[in-house]
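The lines below spell out each chain.
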Amino acid sequence: MAGGSFHPTGVAKERAEQYQGRVTPYVIIACIVAAVGGSLFGYDIGISGGVTSMDGFLEKFFHTVYEKKQHAHENNYCKFNDQGLATFTSSLYFAGLVSTLVASPITRIYGRKMSIITGGISFLIGATLNASAQDLAMLLIGRIMLGFGIGFGNQAVPLYLSEMAPSKIRGALNIMFQLATTLGIFTANMINYGTSKLEPWGWRLSLGLAAVPATLMTVGGLLVPETPNSLIERGKTEEGRRVLEKIRGTENVTAELQDIIDASEFAKAIEHPFRNILERRNRPQLVMAFFMPTFQILTGINSILFYAPVLFQSMGFGRNASLYSSALTGAVLCGSTFISIATVDRLGRRALLISGGIQMVVCQVIVAIILGVKFGDEGELSKAYSVIVVIVICLFVVAFGWSWGPLGWTVPSEIFPLETRSAGQSITVAVNLFFTFVIAQSFLSLLCGLKYGIFLFFASWITIMTIFVYYFLPETKGVPIEEMILLWRKHWFWKKIVPEVEIDESYSRTNHGMDGDGA
């Protein structure tokens, strides 16, 4: 899933203990802006599946799918298979992928506020176009504008949040962004449940209500202050200090201000971060930046969230029952994120990822067996088996919510050294959106071709990623970011890839440079 966390600066350990300040109203406002940004992404994930199962929407834009749906004896797994319908869902994520690459330099050059505002306006335009769409072209243009909004929002909002938050609550706030995404999904599912009763125009209300959080995000972006980090990075040091004093509620911000200045100067010294990230000493982090977001999508969670109503209807649930069931999965996903917030710093990342992976595999296999044995191409599940399927899918969603949901973003954001952290996060976001696009575009065809085997397909990938975590991901719990690079030297496999002397030299150079700056 899209959304995420980002640690934009490295702080000298000895000065971090000198930080002063408290949680001020400005930080709370920043959290609200971040939450709205996450809700935009979550709202679209939740709303898409419900809309694509509504008769009024299908009859107007995808009449062939509508006709298939009316045939009681049509192959259950193929009744929604249509590349145009898949394009409606996936076009947003491809646009988001492109706009994320565009947003990166804009966020750096013009500031975080500019990208937040741009994202909100783009999403607002997209919601308006979708709600008033008269043909498929207008509908897809609206989706592309929504994608631009999400691309800018996912680039800027987590960065803004990390830079505004006091260091002592930064970790919790990062996962709160994921929580906001799940709240958006749940809200969208509940709205779909209500608007499904307003045929044939209820889908317009579902799509149009996205304008509400988009407006809040745009107005919020106009009202909140720019981050001190962005101001200092753009040469506005005195203004950055004034903002820092205001958001921390104290004039004693010398230590934190010096860390921001040092980190900004150190980052500016790296001319080609994307070239640096390809060096051998950064190979483990690069591998994680690619595989963690890839595996997050290949759990199959987005397929369930995108197409939950379609999926449940394919299993024989009635229209209202399918929307209600998808609303239930949205609520479960939201609630399960609290498990991660409560346990991630006590049990560690590996424990949550591995236990979540095992539970997800078991759930996928159970659903596949029930559908394979009791369902078939043209039948319907009995009430008892339908209830079992919903329960097992909810257990799958719970496991994702405490493991790969938040940690698929958290782990990549915390393992990179300062000089490649921005480039690493860009790669993580781009990979996530790319595979989100691929799965969204291909899921309906896969469901038609593999039938119940689609669950075994995702179960196989979850097995692979669980083994990957067990053997190749070191535990990052409690490790300071500036010491994270030393983990690879101690790991049984990565120490063969990254020579010890190379890590030591890099780490020494980084520390000596920061010590010198802070002297």
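Rules used throughout
Residues numbered from 1 in each chain as written. Predicted model: local features only at pLDDT ≥ 70, side-chain atom pairs only at ≥ 80, totals over all residues. Heavy atoms only, no water. Helix = DSSP H or I, 4+ residues; strand = E, 2+ residues; numbered from the N terminus. Buried < 20%, exposed > 50% of the residue type's maximum accessible area, 1.4 Å probe, protein only. Contact = heavy atoms within 4.5 Å. Areas by Shrake-Rupley, 256 points an atom, 1.4 Å probe, with all protein chains shown as cover. Expected span 1.5 Å × (residues − 1). Disulfide = S-S within 2.5 Å. Core = buried A, V, L, I, M, F, W, Y, C linked by side-chain atoms within 4.5 Å. Salt bridge = Lys/Arg side-chain N within 4 Å of Asp/Glu carboxyl O. Phe/Tyr/Trp six-rings, centres within 6.5 Å; stacked < 30°, edge-to-face > 60°.

Engineer: Teacher, can you tell me more about the overall build of the protein chain here?
Structural biologist: A tally of regular secondary structure across the protein chain gives 25 helices and zero strands. By residue count, 59% of the 519 residues in the protein chain fall in the buried class. Considering only intrachain contacts with a sequence separation of at least 6, the fraction spanning at least 24 residues in the protein chain is 81%. Here the protein chain has roughly 19200 Å² of accessible surface; of this, 65% comes from carbon and sulfur atoms.

Engineer: Before we go on, may I ask you to explain helix α10 (residues 211-223) in this structure?
Structural biologist: Owing to its 3.6 residues per turn, the α-helix aligns residues three or four sequence positions apart on the same side. Here α10 is 13 residues long and its end C-alpha atoms lie 18 Å apart, about the 18 Å a rise of 1.5 Å per residue gives. Three or more residues of α10 are buried, namely Ala211, Pro213, Ala214, Met217, Thr218, Gly220 and Gly221. The inward-facing, buried residues of α10 abut α2 (25-51), α6 (112-131), α7 (136-164) and α9 (202-208).

Engineer: Please explain the state of the cysteines as it appears in this structure.
Structural biologist: Linking two cysteines covalently via their sulfur atoms produces the bond known as a disulfide. Counting across every chain of the model gives zero disulfides. A disulfide-free cysteine, Cys363 has its sulfur positioned 9.8 Å from the sulfur of Cys394, the nearest such atom. On the accessibility criterion, Cys363 (6% relative accessible area) is buried.

Engineer: Explain the nonpolar core to me, please; I cannot follow it from the model alone.
Structural biologist: Soluble globular proteins: nonpolar side chains tend toward being buried together. Among the nonpolar cores identified, the biggest contains 126 residues, and Phe57, Phe62, Met288, Phe396 and Trp404 are the most heavily contacted of them. Counting residues per element, this core draws most heavily on α2, at twelve residues.

Engineer: What is the right way to read the pattern of salt bridges from this model?
Structural biologist: A side chain of one charge can pair with a side chain of the opposite charge when the charged atoms of the two come close. The tally for this structure, following the rule as stated, stands at five salt bridges. Asp44 is paired through a salt bridge with Arg143; the nearest N and O atoms lie 2.7 Å apart. Taken together, the positions of Asp44 in helix α2 and Arg143 in helix α7 put the pair 99 residues apart, joining distant regions of the chain. Both residues of the pair, Asp44 and Arg143, count as buried. A salt bridge links Arg241 to Glu245; the nearest nitrogen and oxygen atoms lie 3.1 Å apart. Taken together, the residues Arg241 and Glu245, both in helix α12 (residues 237-248) and four residues apart, mark about one turn of the helix.

Engineer: What is the right way to look at the environment of Met217 in this model?
Structural biologist: Take Met217: it is sitting in helix α10. Accessibility expressed as a relative area gives 1% for Met217, which makes it buried. A sequence separation of 100 residues divides Met217 from Ile117, and the C-alpha atoms of the two residues are 7.1 Å apart.

Engineer: Just to check I follow, could you spell out the packing of aromatic side chains for this structure?
Structural biologist: To describe a pair of aromatic rings, one takes the distance between the centres and the angle between the planes. Considering all chains together, one arrives at 21 aromatic pairs under this definition. Here the aromatic rings of Phe295 and Trp404 are separated by 6.2 Å at their centres, their planes lie at 85°, and the arrangement is edge-to-face. Taken as a pair, Phe295 in helix α15 (residues 283-298) and Trp404 in helix α20 (residues 404-415) lie far apart in primary sequence, 109 residues in all. Note on accessibility: Phe295 and Trp404 belong to one class, buried. With a centroid separation of 5.4 Å and 70° between ring planes, the pair formed by Phe295 and Phe468 is classed as edge-to-face. Within this pair, whereas Phe295 is found in helix α15, its partner Phe468 is found in helix α22 (residues 453-472), the two being separated by 173 residues in sequence. Residue classification places Phe295 among the buried positions, given a relative accessible area of 4%.

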